[in-house]
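Coordinates in review
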Amino acid sequence: MPGLDIVIDRAAREPASAQLKTGIRRLVDAGALEPGARLPTVRAFAADLGVVPNTVARAYRELEAEGYLVGRGRAGTFVADGPPSPVADPTVDDLANAYLVRTRAADISDVEAVAAVRTAANASRS
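Residues numbered from 1 in each chain as written. Predicted model: local features only at pLDDT ≥ 70, side-chain atom pairs only at ≥ 80, totals over all residues. Heavy atoms only, no water.

**Considerations on the environment of leucine 4**
With respect to the secondary-structure elements, leucine 4 resides in the segment before helix 1 (16-29). Along the backbone, leucine 4 and leucine 39 are 35 residues apart, and their C-alpha atoms lie at a distance of 8.9 Å. When near neighbours in sequence (up to four residues on either side) are disregarded, leucine 4 contacts Leu27, Leu33, Pro40 and Phe45. (Helix = DSSP H or I, 4+ residues; strand = E, 2+ residues; numbered from the N terminus. Contact = heavy atoms within 4.5 Å.)

Structure below.
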């Protein structure tokens, strides 16, 4: 699907469904997937990504549970209208991913973003 710039890295330790979830989350958080946008069918997306349909179905189910997506039966799967509920106890990875999505959306390079974190950490120690 145009606009879904997600690549599954088969050499990664992270399961394909988790990589897909992360990719969709980032696109939603960055505004690249707008509320109400229809996602590809499970089978079509699986074929595009070169994964089995269960991988896409699992990612969709978990993102529905997190509030990112809404399943409407035969009508398909859509980006939720409202922002997802905040994670009750976010992990460091959750926070880092959220920061990364925001800095990339603002056209800030990863190098600049990491440097900003280091500067802020050093300033708070003083």
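This is not the end of the story, as more comes after the structure.
**Here we look at the nonpolar core**
If you look at the biggest cluster of nonpolar residues, it comprises 20 residues, and the most contacted ones within it are Leu20, Ile24, Phe45, Val56 and Leu69. Of all the secondary-structure elements, those providing two or more residues to this core are helix 1, helix 2 (42-49) and helix 3 (53-65). With near-sequence residues (within four places) excluded, isoleucine 24 lies in contact with Ile6, Leu33, Leu39, Phe45, Tyr60, Leu63 and Leu69. (Core = buried A, V, L, I, M, F, W, Y, C linked by side-chain atoms within 4.5 Å. Buried < 20%, exposed > 50% of the residue type's maximum accessible area, 1.4 Å probe, protein only.)

**Some remarks on helix 3**
Taking 1.5 Å per residue, 13 residues should reach 18 Å; helix 3 reaches 18 Å between its end C-alpha atoms and fits that length. For helix 3, the complete set of buried residues consists of Thr55, Val56, Ala57, Ala59, Tyr60 and Leu63. Just beyond helix 3, the residue with positive phi is glycine 67, at close to 90 degrees. (Expected span 1.5 Å × (residues − 1).)

**Observations concerning the layout of surface pockets**
Taken as a whole, the second largest pocket holds about 260 Å³ of empty space. The wall of the second largest pocket is formed by 13 residues, among which Asp5, Thr22, Gly23, Arg26 and Arg104 lie closest to the centre. Broken down by secondary-structure element, the contributors of at least two residues to the lining of the second largest pocket are helix 1 and helix 4 (92-105). Here the lining of the second largest pocket takes five residues from helix 1, the largest share from any one element. Among the residues forming the lining of the second largest pocket, the class breakdown is six nonpolar, three polar and four charged. (1 Å grid on protein atoms, 1.4 Å probe; cavity = no way out; pocket = protein on both sides within 12 Å on 5 of 7 lines; lining within 4 Å. Points joined across faces, edges and corners; volume = space filled by probe spheres on them. Nonpolar A, V, L, I, M, F, W, Y, C, P; charged D, E, K, R; others polar.)

**Details of the confidence of the model for the protein chain**
Low pLDDT marks stretches whose predicted atomic positions should not be read closely. In the predicted model, the protein chain carries a mean pLDDT of 86, and the fraction of residues at 70 or more is 90%. The spread of mean pLDDT over the elements of the protein chain runs between helix 4, the lowest at 74, and strand 2 (residues 77-79), the highest at 96. (pLDDT = per-residue confidence, 0-100.)

**Overview of the packing of helix 2 against helix 3**
Contact geometry of helix 2 with helix 3 gives a least axis separation of 8 Å together with a crossing angle of 120 degrees. For the crossing formed where helix 2 meets helix 3, the hand is right-handed. Of helix 3, the residues touching helix 2 (which contributes Val42, Arg43, Phe45, Ala46 and Leu49) are Pro53, Val56, Ala57 and Tyr60. Looking at the contact of helix 2 with helix 3 residue by residue, the classes come out as eight nonpolar, no polar and one charged. (Axes fitted to C-alpha atoms, helices over the stretch in contact; angles between N-to-C directions. Left-handed = near helix turned anticlockwise from the far one by under 90°.)

**A look at the pattern of salt bridges**
Taken as a whole, this structure holds four salt bridges when the rule is applied. Here arginine 25 ties to glutamate 66 by a salt bridge, and the two come within 3.0 Å at their closest N and O atoms. Taken together, the residues span a long stretch of sequence, with arginine 25 in helix 1 and glutamate 66 in the loop between helix 3 and strand 1 (69-71) at a distance of 41 residues. Overall, glutamate 66 belongs to the partly exposed group, its relative accessible area being 28%. Beyond isolated ion pairs, a larger network of salt bridges with shared partners links Lys21, Arg25, Arg58, Glu62 and Glu66. (Salt bridge = Lys/Arg side-chain N within 4 Å of Asp/Glu carboxyl O.)

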